[in-house]
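Coordinates in review
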Amino acid sequence: QVQLVESGGGLVQPGGSLRLSCEASGFTFGSYYMNWVRQAPGKEREFVAAISRSGISTDYVDSVKGRFTISRDNAKNTVYLQMNSLKPEDTAVYYCAAGRKYTTSHEEYDYWGQGTQVTVSS
């Protein structure tokens, strides 16, 4: 069956860094765009970053540009999100999601992970 398993979340101080990982199984990973979506308490889910099937093209929400980097290793069926210069407003549950086409509309993603909590606080 399809599985997306995130890891790497935790508590970090403002200005710190975290690297999220998402390991996929049960589908042809290299045939899917991969995305990171987050949901802060009391807010709707928000697109964070996307990466093309080959990994050449990426896209980010404006609020994380220059701080976050999405990457993928198709040989390991894994997508990453390197998060630097973290801010308290980055606090959220972070989900990885797979989609057959490029879109920032998370409602159109096909597969989802269970999420990993990121808390940025002093």
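Scroll up to find the structure this text is about.
The present account deals with the structure reproduced in this document. Along each chain, the written sequence defines residue order, and numbers are assigned to residues from 1. Two thresholds apply to this predicted model, a pLDDT of at least 70 for residue-level local features and 80 or more for giving and counting side-chain atom pairs, whereas whole-chain, interface and lining totals are computed over all residues. Only hydrogens and water are set aside when side-chain values are computed; all heavy atoms of the structure are taken into account.

**What to know about the overall build of the chain**
A helix here means a DSSP run of H or I that spans at least four residues, while a strand means a run of E at least two residues long, and both kinds are numbered starting from the N terminus. A tally of regular secondary structure across the chain gives zero helices and eleven strands. Written out in order from the N terminus, the α and β elements of the chain read β-β-β-β-β-β-β-β-β-β-β. Only the C-alpha atoms count toward the radius of gyration. The rule for a globule is 2.2 Å times the residue count to the power 0.38. What you see for the chain is a C-alpha radius of gyration of 13 Å, in line with the 14 Å of a compact globule of 122 residues. Counting only C-alpha atoms, the chain reaches 40 × 25 × 25 Å along its principal axes. Taken over 122 residues, the chain has a buried fraction of 45%. Here the analysis covers contacts within the chain between residues at least 6 apart in sequence; of these, 56% occur between residues at least 24 apart. Charge counting follows a simple rule: Lys and Arg are positive, Asp and Glu are negative, and His as well as the terminal groups are ignored. Taken as the charge location is NZ of Lys, CZ of Arg, CG of Asp or CD of Glu. When the 12 positive and 12 negative side-chain charges of the chain are each reduced to one mean point, those points stand 4 Å apart. For every residue, the accessible area (1.4 Å probe, protein chains only) is compared with the maximum for its type, and the residue is labelled buried under 20%, exposed over 50%, or partly exposed between those bounds. For this analysis, residues touch if any pair of their heavy atoms sits within 4.5 Å.

**With respect to the sheet that holds strand β1 (residues 3-7)**
Paired through their backbone hydrogen bonds, the strands of a sheet run either parallel or antiparallel. Strand order in the open sheet formed by four strands is β1-β3-β8-β7, and the pairing between neighbours is antiparallel. Pairing within the sheet leaves two strands with one partner each, and these edge strands are β1 and β7 (68-73). Strand-to-strand, the axes of this sheet are offset by a mean angle of 15°, without reference to chain direction. The pairing criterion is simple: DSSP has to find at least two bridges between the two strands. Summarising the sheet, strand β3 (residues 18-25) and strand β8 (residues 78-83) pair through six bridges and their orientation is antiparallel. What sits directly across from Leu 20, in β8, is Leu 81. To define axes, lines are fitted to C-alpha atoms, for helices over the stretch in contact only, and angles between the resulting N-to-C directions are given on a 0 to 180 degree scale.

**Looking at the state of the cysteines**
Note that a disulfide, as used here, is simply two cysteine sulfur atoms within 2.5 Å. Throughout the structure, instances matching the rule amount to one disulfide. What pairs with Cys 22 in a disulfide is Cys 96, and their sulfur atoms sit 1.9 Å apart. Linking Cys 22 and Cys 96, the disulfide has an S-S dihedral of approximately 45° and is accordingly described as right-handed. Of this pair, Cys 22 sits in strand β3 while Cys 96 sits in strand β9 (residues 92-99); the two residues are 74 residues apart in sequence, bridging distant segments of the chain. Each of the two residues, Cys 22 as well as Cys 96, counts as buried.

**Quick look at the side chain of Ser 52**
If you trace the backbone, Ser 52 turns up in the loop between β5 (46-51) and β6 (58-60). Among all residues touching Ser 52, those that are not within four sequence positions of it are Tyr 33, Ser 57 and Arg 72.

**As for the pattern of salt bridges**
A side chain with one charge may pair with a side chain of the opposite charge, provided their charged atoms come close. Salt bridge, as used here: a side-chain nitrogen of Lys or Arg that lies within 4 Å of a carboxyl oxygen of Asp or Glu. Under the counting rule described, the total for this entry stands at six salt bridges. Between Glu 46 and Arg 38 there is a salt bridge, and its shortest N-O distance comes to 2.8 Å. Here Arg 38 falls in the buried class, since its relative accessible area comes to 6%. In this structure, the salt-bridge partner of Asp 62 is Lys 65, at a minimum N-O distance of 3.0 Å. Of the residues examined, Asp 62 reaches a relative accessible area of 62% and is grouped as exposed. We classify Lys 65 as partly exposed; its relative accessible area is 47%. A cluster of three or more residues bridged by salt bridges with shared partners is formed by Arg 38, Glu 46, Arg 67 and Asp 90.

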